[in-house]
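# Structural description and commentary
Residue strings, one per chain:
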Amino acid sequence: MKNNKAIYPGTFDPITNGHIDIIERAASLFDQVIVAVAQNAAKNPVFELETRVELAQQALNHLKHVQVIGFSGLLIDFAVAHHANIIIRGLRAVSDFEYEFQLAGMNRKLNPQIESIFLTPSEHYTYLSSTLVREIAAFNGDVSPFAPSCVVEALRSLKS
Ligand code: COA
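As the structure is a computational prediction, the values presented were derived from the model and not from experiment.

## Some words on the pairing of strand 2 (residues 32-38)
Here strand 2 lies mainly inside the structure; 6 of its 7 residues are buried. Of the pairings in the sheet, the one linking strand 1 (residues 5-10) to strand 2 comprises 6 bridges and is parallel in character. Note on strand 2: the bridge partner recorded for Gly-10 is Val-37. Between strand 1 and its parallel partner strand 2, the chain crosses via helix 1 (residues 17-29), and the hand of that crossover is right-handed. Sheet analysis places strand 2 next to strand 3 (residues 66-71), joined by 6 bridges and oriented parallel. Paired with Ala-36 across the bridge in strand 3 is Ile-69. Handedness of the crossover is the feature at issue here: the chain leaves strand 2, passes through helix 2 (residues 49-59), returns alongside strand 3, and the resulting connection is right-handed.

## Considering the site of the ligand
Not every one of the 25 residues close to the ligand is listed here, only the nearest: Thr-11, Lys-43, Arg-89, Ser-130 and Thr-131. Within the backbone of Leu-128, one N or O atom sits 3.3 Å away from a nitrogen atom of the ligand. Expressed as a share of its isolated accessible area of 950 Å², the protein-covered part of the ligand is 83%. Every element with two or more residues in the shell around the ligand is listed here: strand 1, helix 1, helix 4 (94-110) and helix 5 (130-138). Class assignment of the residues belonging to the shell around the ligand gives a composition of 10 nonpolar, 11 polar and 4 charged.

Definitions and limits used
- Counting from 1, residues in each chain are numbered in the order their sequence is written.
- A pLDDT threshold of at least 70 governs which residues receive local features in this predicted model, and a stricter bar of 80 or more applies before side-chain atom pairs are shown or counted, although totals over entire chains, interfaces and linings include all residues.
- As a rule here, side-chain values come from all non-hydrogen atoms in the structure, and water together with hydrogens is ignored.
- Burial classification: accessible surface area is computed with a 1.4 Å probe over protein chains only, and a residue below 20% of its type maximum counts as buried, one above 50% as exposed, and the rest as partly exposed.
- Numbering of helices and strands runs from the N terminus; a helix is a DSSP stretch of H or I covering at least four residues, while a strand is a stretch of E covering at least two.
- What makes two strands pair is DSSP finding at least two bridges between them.
- Handedness of a crossover is defined as follows: orient the strands so they point away from the viewer, and if the path from the first strand over the helix to the second runs clockwise, the crossover is right-handed.
- The criterion for a residue being near a molecule or strand is simple. One of its heavy atoms has to lie within 4 Å of it.
- Pairs of N or O atoms within 3.5 Å make up the polar contacts considered here, provided that, within protein, one atom can donate a hydrogen while the other can accept it, and that residues adjacent in sequence are counted only when both atoms are side-chain atoms.
- Residue burial considers only the protein chains on display, and all accessible areas are found by Shrake-Rupley using a 1.4 Å probe.
- For this classification, Asp, Glu, Lys and Arg are treated as charged, while Ala, Val, Leu, Ile, Met, Phe, Trp, Tyr, Cys and Pro are nonpolar and the rest, including Gly, are polar.

In structure tokens, the structure reads:
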């Protein structure tokens, strides 16, 4: 899959080990990967866009050809602006499929040059979501098995 530039979009509120698992898989397949952190105001993110970008950058520091960039607006416009031709999405369970199928179909309608590719995370991350990680942290649960240390720290400082 040489000469392809892939984008992995999401809200990343915050980035978790499940996301990192997918990004490492994408990084082994593609020369360049952009982690595109969506403003996604409709989701009312707990962390500001700038913080979500910084946390992802720290968590992905070990992957040299992975870049983290924040964006607002249409994903497909962001992809064109960054000369990317692939959108990576993770499929954790069958329940993800319907939404992903709709998203991929609409993105293809908007720009048929950009292909969506789906990767599955390790099975021990299939139940993970950013909301669950935030909730466990809010009730003083241990989130260190699910999120990188910078995120564990950021979640802790949310409460102080
Ligand atoms: N590991 C752990 N968690 C994962 C995961 C993985 N591999 N993959 C997904 N998740 C979680 C996410 O953390 C998120 O959890 P949350 O709902 O608790 O926050 C949830 O699954 C859904 O994530 P995702 O499917 O990535 O959706 P999203 O809302 O984070 O991002 C965008 C969706 C940003 C890709 C989409 O809204 C978008 O493209 N926005 C731009 C505007 C646009 O172009 N709209 C038109 C689209 S046709």
